Amino acid sequence: EERPMTQGAIQKDQRLIVVVYSPPGPLIVELDNKGETAAKIIPGLGLVVKDAQDQRALKLSQDLQQYLPRWQAAPSFYPLFLEKVKAMGQPGAVVEPQDAGLPPDAWPKFNRAKDVLDWQLRYFIRQPDGVVSRNYSGYLQLDDALVLEVNVAPGLESDGEDNFSPNLKAVTRLLRVSSMRELWRHEDVVEDKAIVKTLYDYKVSPGDLVYAWQRMLPQLASMVVDNLAKNLQAAGVPLGPAQAP
């Protein structure tokens, strides 16, 4: 679910802290079979079916993760995205997390999760109004700032026949730290339907899967920034010359 951009969301020279997070494993999505689709419309039973699907997806992700190289999407995505944010000419003053005045161990704590399913439920799925998944307001050093938070999740989605294609999904949120109000939320996805393999095939050639994700990062960065720029302009935020390096 999207949240429209708040009018005048970014003020001139306001600190805009750009941070990117990624999950501790790939998000794996299987299509519902006919029985699962029917069961989900029955009150109570639908929750049981959904929980069983979530647990199966978690097991598949953890099984695949042990074959993958040590790679996370966030460190690879961040420089691509940061460069594009600076080039878009938004009025805020872009700040990287390490320059925001917090202790070095503070930012990793904002991404704590026991597994990929826990991460997805905490940070990737739309929370009910009033629920704060990451509370930046506990640090007075950030009180004047906005946080532009991108959650980048590499994943695999099935075709309904036990074959999977790689994708990258991003949930982007613009937050006002002082009130922890969500000023904007948007979801983007990039996928490569030309690659169709079984999970076993990805285990045999895990480097190919990581390369597919890596190759999609620039497209995702452009997509997120384009949507950010479009929504800022619609909310009356002027875009001017790029920030000086």
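This is a predicted model, so every value here is computed, not measured.

About the cut-offs
Residues numbered from 1 in each chain as written. Predicted model: local features only at pLDDT ≥ 70, side-chain atom pairs only at ≥ 80, totals over all residues. Heavy atoms only, no water. Helix = DSSP H or I, 4+ residues; strand = E, 2+ residues; numbered from the N terminus. Rg over C-alpha atoms; globule rule 2.2 N^0.38 Å. Buried < 20%, exposed > 50% of the residue type's maximum accessible area, 1.4 Å probe, protein only. Contact = heavy atoms within 4.5 Å. Areas by Shrake-Rupley, 256 points an atom, 1.4 Å probe, with all protein chains shown as cover. Lys, Arg positive; Asp, Glu negative; His and termini not counted. Charge placed at Lys NZ, Arg CZ, Asp CG, Glu CD. 1 Å grid on protein atoms, 1.4 Å probe; cavity = no way out; pocket = protein on both sides within 12 Å on 5 of 7 lines; lining within 4 Å. Points joined across faces, edges and corners; volume = space filled by probe spheres on them. Nonpolar A, V, L, I, M, F, W, Y, C, P; charged D, E, K, R; others polar. Pairing = 2+ DSSP bridges. Phe/Tyr/Trp six-rings, centres within 6.5 Å; stacked < 30°, edge-to-face > 60°. Lys NZ or Arg CZ within 6 Å of the ring centre and 35° of its normal. Core = buried A, V, L, I, M, F, W, Y, C linked by side-chain atoms within 4.5 Å. Polar contact = N/O pair within 3.5 Å; in protein donor to acceptor, adjacent residues only side chain to side chain.

Draft legend 1. Broad picture of the overall build of the protein. A tally of helices and strands in the protein yields seven helices and six strands. Along the protein, helices and strands appear, N-terminal first, in the series β-β-α-α-α-β-α-α-β-β-β-α-α. Its C-alpha atoms give the protein a radius of gyration of 19 Å, within 12% of the compact-globule value 18 Å for 245 residues. For the protein, the C-alpha atoms occupy an extent of roughly 50 × 40 × 35 Å along the three principal directions. The buried share of the protein, taken over its 245 residues, is 48%. Contacts in the protein between residues at least 24 apart in sequence constitute 77% of all its contacts with a sequence separation of at least 6. Here the protein displays about 12400 Å² of accessible surface, and carbon together with sulfur accounts for 53% of that area. Side-chain charges in the protein split into 27 positive and 31 negative, and the spacing between the mean points of these groups amounts to 3 Å.

Draft legend 2. Up close: the layout of surface pockets. In this structure, the second largest pocket occupies an estimated 300 Å³ of space. When residues in the lining of the second largest pocket are grouped by element, the largest group, four residues, is from helix α3 (residues 73-87). A class-by-class count of the residues in the lining of the second largest pocket yields 14 nonpolar, four polar and no charged.

Draft legend 3. Just the pairing of strand β5 (residues 164-176), in detail. Counting buried positions over the 13 residues of β5 gives 11, a clear majority of the element. Pairing between strand β4 (residues 146-158) and β5: 13 bridges, direction antiparallel. If you follow Glu 149 over to β5, its bridge partner there is Arg 173. Judged from the 10 bridges that link them, β5 and strand β6 (residues 181-191) form a sheet pairing that is antiparallel. Across the sheet, the residue bridging to Leu 168 is Val 190, located in β6. Between β5 and β6, which pair antiparallel and follow one another directly, the connecting turn spans four residues, one of which, Met 180, has a positive phi of 55°.

Draft legend 4. Representation of the packing of aromatic side chains in the model. Counted according to the given criterion, the structure contains eight aromatic pairs. Clustering of aromatic rings is evident, with ring pairs tying together Trp 107, Phe 110, Tyr 136 and Tyr 139. Geometry around Tyr 21 places Arg 134 over its ring, the cationic atom sitting 3.7 Å from the centre.

Draft legend 5. Expanded view of the nonpolar core. If you look at the biggest cluster of nonpolar residues, it comprises 50 residues, and the most contacted ones within it are Phe 77, Phe 81, Leu 156, Leu 174 and Trp 213. Within the residue set of this core, elements represented by two or more residues are β1 (15-21), α2 (45-65), α3, β4, β5, β6, α6 (199-204) and α7 (206-234). Of all the elements, α7 adds the most residues to this core, at 13 residues. Once you skip the residues sitting within four places of it in the chain, Phe 81 turns out to touch Val 18, Val 20, Leu 148, Val 150, Ala 221, Val 224 and Val 225.

Draft legend 6. Just unusual backbone geometry, in detail. Backbone geometry at Asp 13 places phi at a positive 65°, although glycine is not the residue there. With respect to the helices and strands, Asp 13 occurs in the segment before β1.

Draft legend 7. Representation of the side chain of Asn 111 within the structure. Take Asn 111: it is sitting in the loop between α4 (106-109) and α5 (116-124). Within the local environment of Asn 111, its side chain forms a polar contact with the backbone oxygen of Ser 22, the two atoms lying 3.0 Å apart.

Draft legend 8. Broad picture of the environment of Gln 62. Tracing the chain through its elements places Gln 62 in helix α2. Distance from Gln 62 to Glu 182, taken between C-alpha atoms, is 31 Å for residues 120 residues apart in sequence.

Draft legend 9. Local environment of the environment of Val 225. Checked against the element boundaries, Val 225 lands in helix α7. Filtering out sequence-adjacent residues up to four positions away, Val 225 remains in contact with Phe 81, Lys 84, Val 85 and Met 88.

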